[in-house]
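Listed below are the residues making up each chain.
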Amino acid sequence: MALELPLVDTPRPERADAARNRRRVLDTAAALFAERGVEGVAMDEIARVAGVGKGTLFRRFGDRAGLALALLEEETVALQEGIIRGPAPLGPGAPPQERLKALARAQLALLLDHFDLVAAGDAGGPGARFRTGPYSFLRMHVGLLIREADPDADWEILTDVLLAPLAADSFFYWHHVRGLDCERILRAFDALVDRLLP
């Protein structure tokens with residue numbers, strides 16, 4: 001019988017009861033958020049309706065931001081897969097400038113469909129958005145595209161400059177407060193890319 005060594009950083013298999021509790025919490029949160037909005041639902045209520053203890057909820061998700069990110073996981077993983085393995089221009093095979101523009105379209109579509117969850121996932125104090133897994137992935141990807149387009153550019157700053165217009169708070173202000181349509185936002189983003197990375 002061959003002995004298998006454990007792999008470093010491999011997630012431990014989830015217990016069946018823990019998986020059921022996780023699914024119950026996510027389903028309950030999704031239903032309550034759809035009914036009353038993310039801000040209109042307390043974490044205590046989610047635990048009570050899901051039939052789990054508050055400790056279980058907070059241990060598993062940490063806070064409202066962690067719960068929102070868990071609810072967005074399927075969408076963010078699909079976006080990441082599209083970036084890594086999907087067809088151009090979002091996926092490999094297009095010039096970096098075109099990939100950046102495609103990324104903007106994909107991110108704005110995500111914001112249109114799931115603004116409340118993205119905003120909640122980005123909450124949690126100053127700079128919280130910069131510490132989320134989805135943002136870290138986008139930051140790495142955009143940084144690579146900038147370096148490909150212009151190896152001499154200050155990619156670290158330009159990465160955050162290009163991601164700022166795609167953040168939930170920017171989208172909320174432009175789309176919901178100012179009433180700007182997504183096409184106008186995207187045209188401005190395209191112009192920004194063209195000017196920064198000709």
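Nothing here was measured: the structure is a model prediction, and the numbers come from that model.

**Student:** I'd love a proper account of the packing of aromatic side chains, names of residues and values included.
**Tutor:** One pass over the full model with this rule turns up three aromatic pairs. Pairing Phe 115 with Phe 171 gives two aromatic rings, centres 6.2 Å apart and planes at 40°, and the pair type is tilted. Placement of the pair is Phe 115 in helix 5 (residues 96-122) and Phe 171 in helix 8 (residues 168-177), with a sequence separation of 56 residues. Grouping aromatic residues by their ring pairs yields a cluster made of Phe 115, Phe 171 and Phe 172. One Lys or Arg, Arg 129, reaches over the ring of Phe 130 and ends 4.6 Å from the middle of that ring.

**Student:** Provide a residue-level description of the packing of helix 2 (residues 43-50) against helix 3 (residues 54-61), including the pertinent values.
**Tutor:** Where helix 2 meets helix 3, the axes come as close as 9 Å, and the angle between the chain directions of the two elements is 115°. One element, helix 2, and the other, helix 3, form an angle in the roughly perpendicular class. Two packed elements cross with a definite hand, and for helix 2 against helix 3 that hand is right-handed. Listed contacts from helix 3 to Met 43, Asp 44, Ile 46 and Ala 47 of helix 2 are Lys 54, Leu 57 and Phe 58. When grouped by side-chain class, the residues that make up the contact of helix 2 with helix 3 number five nonpolar, no polar and two charged.

**Student:** Residues and numbers for the environment of Ala 119, please.
**Tutor:** Note that Ala 119 resides in helix 5. For Ala 119, a relative accessible area of 26% gives the class partly exposed. Along the chain, Ala 119 and Val 38 lie 81 residues apart, while their C-alpha atoms are 9.2 Å from each other.

**Student:** Break down unusual backbone geometry for me, citing the residues and quoting the values.
**Tutor:** Here the amide bond leading from Ala 88 into Pro 89 is cis, since omega sits at 10°, within 30 degrees of zero. By secondary structure assignment, the location of Pro 89 is in the loop between helix 4 (64-85) and helix 5.

**Student:** So what about the side chain of Thr 28? Which residues, and what values?
**Tutor:** Along the chain, Thr 28 falls in helix 1 (residues 16-36). Residue Thr 28 is classed as buried on the basis of its relative accessible area, which comes to 12%. Within polar-contact distance, the side chain of Thr 28 engages the backbone oxygen of Arg 24 at 2.8 Å. Thr 28 has contacts with Ile 46, Val 49 and Ala 50, leaving out every residue within four places of it along the chain.

**Student:** Describe the nonpolar core, listing the residues and the values that go with them.
**Tutor:** Buried together is how nonpolar side chains tend to be arranged in soluble globular proteins. Val 25, Phe 33, Ile 46, Leu 67, Leu 108 and Leu 162 are the most contacted members of the largest nonpolar core, which has 53 residues in total. With eleven residues, helix 5 is the largest single contributor of residues to this core. When sequence neighbours within four positions are dropped, the list of residues in contact with Leu 162 reads Leu 100, Val 142, Ile 146, Phe 189, Leu 192, Val 193, Leu 196 and Leu 197.

**Student:** For the environment of Gly 37, give the residues involved together with the corresponding values.
**Tutor:** You can see Gly 37 is positioned in the loop between helix 1 and helix 2. Sequence-wise, Gly 37 and Asp 116 are 79 residues apart; in three dimensions their C-alpha atoms are separated by 7.1 Å. For Gly 37, the residues in contact, after removing those within four places along its chain, are Leu 32 and Asp 116.

Here is what the cut-offs are and how they apply
- Residues numbered from 1 in each chain as written.
- Predicted model: local features only at pLDDT ≥ 70, side-chain atom pairs only at ≥ 80, totals over all residues.
- Heavy atoms only, no water.
- Phe/Tyr/Trp six-rings, centres within 6.5 Å; stacked < 30°, edge-to-face > 60°.
- Helix = DSSP H or I, 4+ residues; strand = E, 2+ residues; numbered from the N terminus.
- Lys NZ or Arg CZ within 6 Å of the ring centre and 35° of its normal.
- Axes fitted to C-alpha atoms, helices over the stretch in contact; angles between N-to-C directions.
- Parallel < 35°, antiparallel > 145°, perpendicular 65-115°, else oblique.
- Left-handed = near helix turned anticlockwise from the far one by under 90°.
- Contact = heavy atoms within 4.5 Å.
- Nonpolar A, V, L, I, M, F, W, Y, C, P; charged D, E, K, R; others polar.
- Buried < 20%, exposed > 50% of the residue type's maximum accessible area, 1.4 Å probe, protein only.
- Polar contact = N/O pair within 3.5 Å; in protein donor to acceptor, adjacent residues only side chain to side chain.
- Core = buried A, V, L, I, M, F, W, Y, C linked by side-chain atoms within 4.5 Å.

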